[in-house]
Amino acid sequence: MANDDGMLSGLLRASHTATLDDLPRMVTEHAQREELYDPVIYLADLQQEVLRPLLEDTHMGERSRAEQIKIDGTVPGLAFRDVEPVAGTSGWSGRPSSGQHQETDQPRLWVPILGGAERIGVLGVTVSHHTETSEARALALASLVALLVMSLRLNSDTYAYVVRVREMSLAAELQWTLMPPLTFANETVVVSGALEPAYEVGGDAFDYSVVGKTAHLYIFDAMGHDTSAGLVASIVMGSCRNNRRRGVGLVETSQAIDAAVGQQFQDRFATGILAQLNIESGILNWVNRGHPPPLVIRQGRWITSLECPPTLPMGMGLEDEPVLCQHQLEPGDRLLFYTDGVVEAHSPGAEPFGLERFTDFIVRREADGLSAPETLRRLIHALLEYQNGELQDDATVLLTEWRP
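So, how was this worked out
Counting restarts for each chain: residues are numbered from 1 in the order of the written sequence. Predicted model: local features are reported for residues with pLDDT of at least 70 only, side-chain atom pairs are reported and counted for 80 or more only, and whole-chain, interface and lining totals are derived from all residues. Where side-chain values are given, they derive from all heavy atoms of the structure, hydrogens and water being excluded. With a 1 Å grid laid over protein atoms only, a set of points is called a cavity when a 1.4 Å probe fits there but cannot get out and a pocket when it is open yet has protein on both sides within 12 Å along at least five of seven lines; lining residues have an atom within 4 Å of a point. Grid points are joined across faces, edges and corners, and a volume is the space filled by probe spheres set on the points. Secondary structure follows DSSP: runs of H or I at least 4 residues long count as helices, runs of E at least 2 residues long count as strands, and numbering of each begins at the N terminus. Only Asp, Glu, Lys and Arg are considered charged, only Ala, Val, Leu, Ile, Met, Phe, Trp, Tyr, Cys and Pro nonpolar, and every remaining residue, Gly among them, polar. Between Lys or Arg on one side and Asp or Glu on the other, a salt bridge is scored when a side-chain nitrogen of the former is within 4 Å of a carboxyl oxygen of the latter. Categorising residues by exposure relies on relative accessible area from a 1.4 Å probe, with only protein chains included: less than 20% of the type maximum marks a residue as buried, more than 50% marks it as exposed, and the intermediate range marks it as partly exposed. We treat two strands as partners when DSSP finds at least two bridges between them. We call two residues contacting when some pair of their heavy atoms lies within 4.5 Å. Fitted lines through C-alpha atoms give the axes, limited to the stretch in contact for helices. The angle between two N-to-C directions lies from 0 to 180 degrees. Any pair of nitrogen or oxygen atoms within 3.5 Å is treated as a polar contact; in protein, a donor-acceptor pairing is required on top of that, and neighbouring residues in sequence qualify only through side-chain atoms on both sides. Centres within 6.5 Å make a pair out of two Phe, Tyr or Trp rings, where for Trp the six-membered ring is used; the pair is then stacked when the planes are under 30 degrees apart, edge-to-face when over 60, and tilted otherwise. Here the expected span of a helix is defined as 1.5 Å times the quantity of residues minus one.

Draft legend 1. Looking closely at the layout of surface pockets. In this structure, the largest pocket encloses a volume near 840 Å³. Lining the largest pocket we find 25 residues, and of these Leu46, Arg153, Tyr159, Val163 and Trp176 sit closest to its centre. Of all elements in the fold, only β6 (118–126), α6 (158–163) and α7 (170–178) reach the threshold of two or more residues within the lining of the largest pocket. The class makeup of the residues in the lining of the largest pocket is 15 nonpolar, three polar and seven charged.

Structure, rendered in structure tokens:
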């Protein structure tokens, strides 16, 4: 019987018995049905510095590294940074893995690959003519590719081979398995996080969950920078999610985390902010367990640190009743949770990065019209540059924008 599947339905049907390694071949086969040629899937590395091609033999090692594209200063990178399709001339035809490139001046479209609101990478396709129709087809293909990448990466290490540019520590391996997607967005709220150093992170972690009209927001900083810190963070995250999913309140959840850490470790603790934002009313409730206070950016300026009587870090097992605090956000406010590694970052002989420089960076990027995830990407790169490419402490930021 003839196969009448279109590009998207055919690719979706083929994906049911596929692995991530099969995806490049399948996309090539089905994309040509809509006159999209030489498609290449590029995935952003963990630090969002380069785009690396997903190839059929990615697991073999070096080819993705040799053919990676910088996110800053390139046309494909522009599509990633601005989350918009970008057109150029292809300059070549043929897949990177084939080694058979031919010069061509046909239009090449670069479209972002988005898992929800999370930027996964970009898709490059060559078209005979750049029209609204060809661009719409490329965007539709990229949307399905995103869903397939997110699904198929769960049962394969191929995704890790592509997005990692160097070896990862055991503590970081633990942490990344716990992390939610780096960005979430709906019509009311945007939540975006960043975690560094990506390959050696120890005890920092963040989490979020949007259920109904409530955004649950968390940031944690476990004592130390070793594998034990990663284990503490794992217990903190596990206890937090377990209690949240049972409907336990913020104060009681922080107390449950305190008990869980104390039961497993005698000399370890974690600081944290546990919060709930009503995304209809903008009312924020939070508990501070020995952590730097949240910050609010409003109308292009830092207006306040949200002070709340802090209680002891979690895991110390001392009698200390947490205080539930409340603040009313205004439409357009940006709420910042961060760990001390952000403001205490410094290079030898230099002053710390500091709270003022941190907030000024966020304010300026907002004035530039940058999205929350792009703001954090540039912040992390600024921190790394400030410390000559190597952070002395974990640096984590969770940025929430309320935009009813």
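Following the structure, the description resumes.
Draft legend 2. Quick look at the pattern of salt bridges. For the structure on display, the rule yields 18 salt bridges. Across the pair Glu200 and Arg166 runs a salt bridge whose closest N-O atoms are separated by 2.7 Å. One end of the pair, Glu200, is in the loop between β8 (189–196) and β9 (204–211); the other, Arg166, is in the loop between α6 and α7, with 34 residues separating them in the sequence. When its relative accessible area of 41% is taken as the criterion, Arg166 is described as partly exposed. Among the salt bridges present, the one from Asp207 reaches Arg241, with a minimum N-O distance of 2.8 Å. Residue Asp207 is found in strand β9, and its partner Arg241 is found in helix α8 (residues 227–244); the two are separated by 34 residues along the sequence. Of the two residues examined, Asp207 and Arg241, each falls in the buried class. Bridged by salt links that share partners, the residues Asp72, Arg119, Glu374, Arg377 and Arg378 form one connected network.

Draft legend 3. The arrangement of the sheet that holds strand β1 (residues 37–44) in detail. Spatially, β3-β2-β1-β6-β5-β4 is the arrangement adopted by the six strands of the open sheet, whose pairing is antiparallel. One side of each edge strand has no neighbouring strand; the edge strands of this open sheet are β3 (69–70) and β4 (86–89). The sheet contacts of helix α4 (residues 75–82) involve β1, β2 (50–53), β3, β4, β5 (107–115) and β6, and relative to β6 the element is tilted by about 140°. The strands that helix α5 (residues 132–152) touches are β1, β5 and β6; relative to β5, the one it contacts most, it runs at about 40°.

Draft legend 4. Spatial organisation of the side chain of Ser254. Residue placement: Ser254 occurs in helix α9 (residues 250–264). Classification of Ser254 as buried rests on a relative accessible area of 0%. A polar contact of 3.0 Å, which involves the side chain of Ser254, links it to the side chain of Arg289. Setting aside its immediate chain neighbours within four residues, Ser254 contacts Leu274, Val287, Arg289, Met314 and Pro322.

Draft legend 5. Layout of the packing of aromatic side chains. Taken as a whole and assessed by the stated rule, the structure comprises five aromatic pairs. When the ring of Tyr218 is compared with that of Phe220, the centres are 6.2 Å apart and the planes differ by 15°; the resulting orientation is stacked. Relative accessible area serves as the criterion here: at 2%, Tyr218 is assigned to the buried category. Residue class for Phe220 comes out buried when judged on its relative accessible area of 1%. For the ring pair Phe353 and Tyr386, a centre distance of 5.3 Å and an interplane angle of 80° mean the geometry is edge-to-face. Taken together, the residues span a long stretch of sequence, with Phe353 in the loop between α10 (340–343) and α11 (355–367) and Tyr386 in helix α12 (residues 372–386) at a distance of 33 residues. Phe353 gets classed as buried once you look at its relative accessible area, which sits at 4%.

Draft legend 6. How the structure looks around α11. End to end, α11 covers 18 Å across 13 residues, agreeing with the expected 18 Å (1.5 Å per residue, within 8%). Here the buried face of α11 lies against β13 (295–298), β14 (301–305), β16 (334–338), α10, α12 and β17 (395–402).

Geometric descriptors of this kind do not, in isolation, establish any biological role.
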